Amino acid sequence: MRQIDAYAYSNRISKLHPAYKVGASLLALVLCLTLNRPLASLLILALMLGLTIFWAGVSWRFVLTLLLTEGSFLLAGVLGVAISVSTMPDAGGAALGPFWVRSDAASVWLALNLFLRALGSVSAMNFLALTTPILDLIELLRRLRVPEVLVEVMGLTYRFIFILFDSLERMTLAQEVRLGFGNWRSSLRSAALIGTNLFIDAFRRSRILETALQSRAWDGALRVLPRKYNHPFQKCN
Amino acid sequence: MQLTFIDVHVRYPGLDISALNGVNLEINTGERVALVGRNGSGKSTLMLTANGILRPHQGALLLDGRPVRYDRSGLRELRRNVGVVFQNPDDQLFSASVYQDISLGPLNLGLTQAEAHRRVQEVAEFCGLQELLDRPTHALSGGEKTRAALAGVLAMSPRFLFADEVTNSLDPWMRPQVLEILDRLADSGCAVILATHDWALASAWAQRVIWLEGGSVFRQGKPGASSWLT
Ligand SMILES: Nc1ncnc2c1ncn2[C@@H]1O[C@H](COP(=O)(O)OP(=O)(O)OP(=O)(O)O)[C@@H](O)[C@H]1O
Ligand SMILES: [Mg+2]
């Protein structure tokens, strides 16, 4: 997750206005789902991969690994469509222990179509996740007039995920050096301890954060400047 | 400008004993002050009091001879002039973006967006953060976080800057850089008050060392001067 986050703000088009990227991936998603043709799905997949790798400059290794991981989950999912398994004796199927397994061209074709459709959609989402910082998505929501409170909470949540991530790593390490995860019993104990401490830590941190905000003359509304973006048909500044 | 503590007593809510016990102190703009003292002697409490987060239950805090008012506008006036950088920058950086985090203070002071933007650019340059403005705060190194937290306070152009052990977690390369920022700040006429456990740093860097003990000023003076020993 940290790596996806890191690509999101360091890729070549990270400063492009998020509306373009959200628009492109939503368009791809909708096309993929409504056209429902394997060829169209394949084209969209190729296009999205191309945009991510060549336009945004994200490492092809990382993009493909990510897609492969997601793809293997999808594959497992569509396997049930391609083949049907039953305990009843089946004339057209093959016996596999107590089960009868059967498959035919139509269901394989259906499964393939489904798989490509899902993979195309996933690649569109990957494009968005890898090229657009979460902050920009939040900013976009703000500009779309989503209530300010929600936007602030989303921003703070995003900030706190990483703060608590660090705490979690520290606490896990502290337990490990004291042989906390040695066996099943002590693992459970350690996990419970970490859970409690993490909660207390989050609470403590939010108190300090509030104090720190007060010291900067905060009065309840988190006023910040909007982020600045590039537009594609305009000179970069 | 002058910030004065007169017999200031401060107590944390729910605690009987005072964390500050009759502090008498005078700080002038342009001064470089080191605040030393053992753990729990009241350094952090003093800083929070200077900024109006904690309110004395006895004694008074004066800004340019006038007692600080603890209402909305009074506190805003105090915080415009007195800034605090916290010990752990992660406690202070609330926004996921450096640029947005720095912009909080100026906007809170009622500056327009254009003015706030200019302020952010200025302090970013002052603290060497120009390249990092678009970075998420969690993707900064420790030294960069410290500078970002510092910039967030400097953007309010305070006349008194209290920095709580900001040099502690820094490596020997980053430390001089942050100290250099503090030096330039003092040269520009801001008072810099640095809490530290590093006596060598305190006597080398500061014009005046204030030694807190048990919540009050135990000793103060120019480091190395004979009056310091008595
Ligand atoms: N949030 C709090 N609630 C209650 N008591 C507190 C709180 N913070 C500090 N204290 C108490 O106030 C006293 C002064 O603490 P303070 O944090 O000001 O010391 P310090 O000089 O900054 O110490 P250190 O060098 O460890 O940072 C201590 O006795 C401490 O226990
Ligand atoms: Mg302290």
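Residues numbered from 1 in each chain as written. Chains lettered and ligands numbered in written order. Predicted model: local features only at pLDDT ≥ 70, side-chain atom pairs only at ≥ 80, totals over all residues. Heavy atoms only, no water.

## As for the interface of chain A and chain B
With 30 residues of chain A at the contact, the number on the chain B side is 39 residues. The junction of chain A with chain B conceals about 3200 Å² of combined surface from both sides, 59% of it contributed by carbon and sulfur atoms. When the buried surface of chain A facing chain B is broken down by residue, R159, R216 and L225 of chain A rank first, second and third, together holding 28% of it. Between the two partners, chain A and chain B, sit five salt bridges. For the pair chain A and chain B, the number of links is 16 residue pairs in polar contact (both at pLDDT 80 or more). Among the elements of the structure, α1 (2-10), α6 (134-143), α7 (148-177) and α8 (184-215) of chain A are those that each provide at least two residues to the side of chain A that touches chain B. Element by element, the count of residues in the side of chain A that touches chain B is highest for α8 of chain A, at eight residues. For the side of chain A that touches chain B, a count of residues per class yields 17 nonpolar, three polar and ten charged. (Contact = heavy atoms within 4.5 Å. Buried area = accessible area lost by both parts, 1.4 Å probe. Salt bridge = Lys/Arg side-chain N within 4 Å of Asp/Glu carboxyl O. Polar contact = N/O pair within 3.5 Å; in protein donor to acceptor, adjacent residues only side chain to side chain. Helix = DSSP H or I, 4+ residues; strand = E, 2+ residues; numbered from the N terminus. Nonpolar A, V, L, I, M, F, W, Y, C, P; charged D, E, K, R; others polar.)

## Some words on a nonpolar patch on the surface
Nonpolar side chains collect at one region of the surface, where L27, L31 and L35 of chain A lie side by side and expose about 260 Å² of accessible area between them. Tracing the backbone shows L35 of chain A in helix α2 (residues 18-35). (Patch = residues over 30% accessible without salt bridge, like charges linked within 9 Å, V, L, I, M, F, W, Y side chains within 5 Å. Areas by Shrake-Rupley, 256 points an atom, 1.4 Å probe, with all protein chains shown as cover.)

## Describing the domain arrangement of chain A
All names here are of chain A. We note that the domain assignment places domain 1 (2-132) and domain 2 (140-215) within chain A. Inter-centroid distance (C-alpha atoms) of domain 1 to domain 2 is 32 Å. Every contact between the two is made by six residues of domain 1 and, on the other side, seven residues of domain 2. Surface buried jointly by domain 1 and domain 2 totals about 500 Å² across both partners, of which 55% is contributed by carbon and sulfur atoms. Here domain 1 and domain 2 share zero salt bridges between them. Counting across the interface, domain 1 meets domain 2 through two residue pairs in polar contact (both at pLDDT 80 or more). Elements with a minimum of two residues in the side of domain 1 that touches domain 2: α1 and α2. Here the side of domain 1 that touches domain 2 takes three residues from α2, the largest share from any one element. Looking at the side of domain 1 that touches domain 2 residue by residue, the classes come out as three nonpolar, one polar and two charged. (Domains from an automatic or database assignment.)

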